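Report on the structure
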Amino acid sequence: MSRRIIPVADVSAVPVVSGPVQTPSGVLRDTLSRPLRDLRISVTDRCNFRCVYCMPRAVFDKDYGFLPHSALLSFEEIERLARLFVAHGVEKIRLTGGEPLLRKNLEFLIERLARLTTPDGRPLDLTLTTNGSLLARKARSLKDAGLTRVTVSLDAIDDALFRRMNDADFAVGDVLEGIAGAQAAGLAPLKVNMVVKRGTNDTEVVPMARHFKGSGTILRFIEYMDVGTSNGWNMAEVLPSAEVVARIAEHFPLVPLEAHSAAETAQRWGYADGSGEIGVISSVTRAFCGSCTRARLSTEGKLYLCLFASAGHDLRALMRNGSSDAEIASALAHIWQARGDRYSELRGSNAIAPHSPEERRVEMSYIGG
Ligand code: SAM
Ligand code: SF4
Ligand code: SF4
């Protein structure tokens, strides 16, 4: 049987722009006036799960060409870039992957990043998204290294369904132990993200809400997105957030809560009995491109300005060809100032069609969530 090979990353990184030298001022704005505030850094493209919507086993199998170690940014390189991003206004860094806890000695990177401060001297919000499988073991050392918070992905509370979704036979109990470990280590407030795929795990919406209600953990429901090209996305499999809220409200009355900030991606709802809150992230039905202040750095050092971009800017090449900090900082400024991406908004307004399977898109496991 012939196997379809889907490229995980872009093959033609766009060239890094040049122009008049720009020194960081702490604020960069793109063409839609959006500042650069958040940086997601993917530290590995590998994962011990094979979530059906992210790294389907049929594509990410034993023959799959994951990046060789030499292609990965080193901790020194990541720290160097992070420092320049922070000088341009980044206040929040999230480590992701693949599964970030698979990257060896990740604590050393966290220690380095935790020492960075914003231009006006504040510490960064330094966080990490994990599938939780290794968290029970690592929570304490991550906290000691300077991690502020953690977000755990969990798509079902039913063990059999969870095992089917991660397609690697991990038990839900492992992740719950990780969550408990993170709470005990003080990595708070802890958030749990559930991607909802209609027909696959939407029956878990209410059981998940019931499980985490009153636990101090903030459960957030994410609409299944058309990221990458390998998950075979289909709009019929998206459960709109409005329906998630309606289903939960049938069991537990909810009241809307104010957003913490204009850039917040989740809409917050509180349990009417005061026992905590949930969030919904409506990436498909209610695009939030207008307040998207996020840049993404891939495992091999390509900078993506949008989750749906098909090409990245090769920052690793800049570093490895001997560019100075000033040159790289200036390149970052030019790249962000030229940014006009707003894919979800355009898809939502039907200005563009959701991508076709033939179109190359960067994969979630390569760029991070
Ligand atoms: N492995 C880690 C984890 O699962 O938390 C970090 C990387 S994972 C790519 C980051 C987040 O992206 C996870 O919460 C995952 O559920 C989410 N994700 C992956 N594919 C998605 C999709 N097609 N739609 C919505 N969220 C997705
Ligand atoms: Fe791995 Fe996270 Fe993707 Fe699941 S969502 S396959 S845990 S990277
Ligand atoms: Fe940001 Fe792109 Fe997502 Fe819009 S589609 S919110 S610009 S990442």
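Residues numbered from 1 in each chain as written. Chains lettered and ligands numbered in written order. Predicted model: local features only at pLDDT ≥ 70, side-chain atom pairs only at ≥ 80, totals over all residues. Heavy atoms only, no water.

The protein chain goes by GTP 3',8-cyclase in an unreviewed UniProt entry, where it is assigned to Paraburkholderia phenazinium. Recorded in UniProt for the protein chain, the comment headed Catalytic activity (unreviewed entry) runs: "GTP + AH2 + S-adenosyl-L-methionine = (8S)-3',8-cyclo-7,8-dihydroguanosine 5'-triphosphate + 5'-deoxyadenosine + L-methionine + A + H(+)". Of the comments in the UniProt record for the protein chain, the one headed Function (unreviewed entry) reads "Catalyzes the cyclization of GTP to (8S)-3',8-cyclo-7,8-dihydroguanosine 5'-triphosphate." (UniProt positions renumbered as here; feature names shortened; annotations may be inferred.)

Some words on the pattern of salt bridges
Here the structure, examined in full by the defined rule, presents 22 salt bridges. The shortest N-O distance in the salt bridge between Asp-144 and Arg-140 comes to 4.0 Å. One end of the pair, Asp-144, and the other, Arg-140, are both in helix α3 (residues 135–145), four residues apart, so they sit about a helical turn from each other. Across the pair Glu-345 and Arg-342 runs a salt bridge, and its minimum N-O distance is 3.0 Å. (Salt bridge = Lys/Arg side-chain N within 4 Å of Asp/Glu carboxyl O. Helix = DSSP H or I, 4+ residues; strand = E, 2+ residues; numbered from the N terminus.)

Observations concerning the pairing of strand β2 (residues 92–96)
The buried fraction of β2 amounts to four of the five residues, a majority that puts the element mostly inside the structure. In this sheet, β2 lies alongside strand β1 (residues 38–42) in parallel orientation, the contact comprising five bridges. Bridge assignment links Ile-41 to a residue of β2, and that residue is Leu-95. One crossover worth recording links β2 to the parallel strand β3 (residues 125–130) by way of helix α2 (residues 106–114), and it is right-handed. (Buried < 20%, exposed > 50% of the residue type's maximum accessible area, 1.4 Å probe, protein only. Pairing = 2+ DSSP bridges. Right-handed = clockwise from strand over helix to strand, strands pointing away.)

Overview of the site of ligand 2
All residues in the neighbourhood of ligand 2 are listed as Cys-47, Phe-49, Cys-51, Cys-54, Met-55, Gly-98 and Asn-131. Considering only residue class, the shell around ligand 2 consists of five nonpolar, two polar and no charged. (Near = heavy atom within 4 Å. Nonpolar A, V, L, I, M, F, W, Y, C, P; charged D, E, K, R; others polar.)

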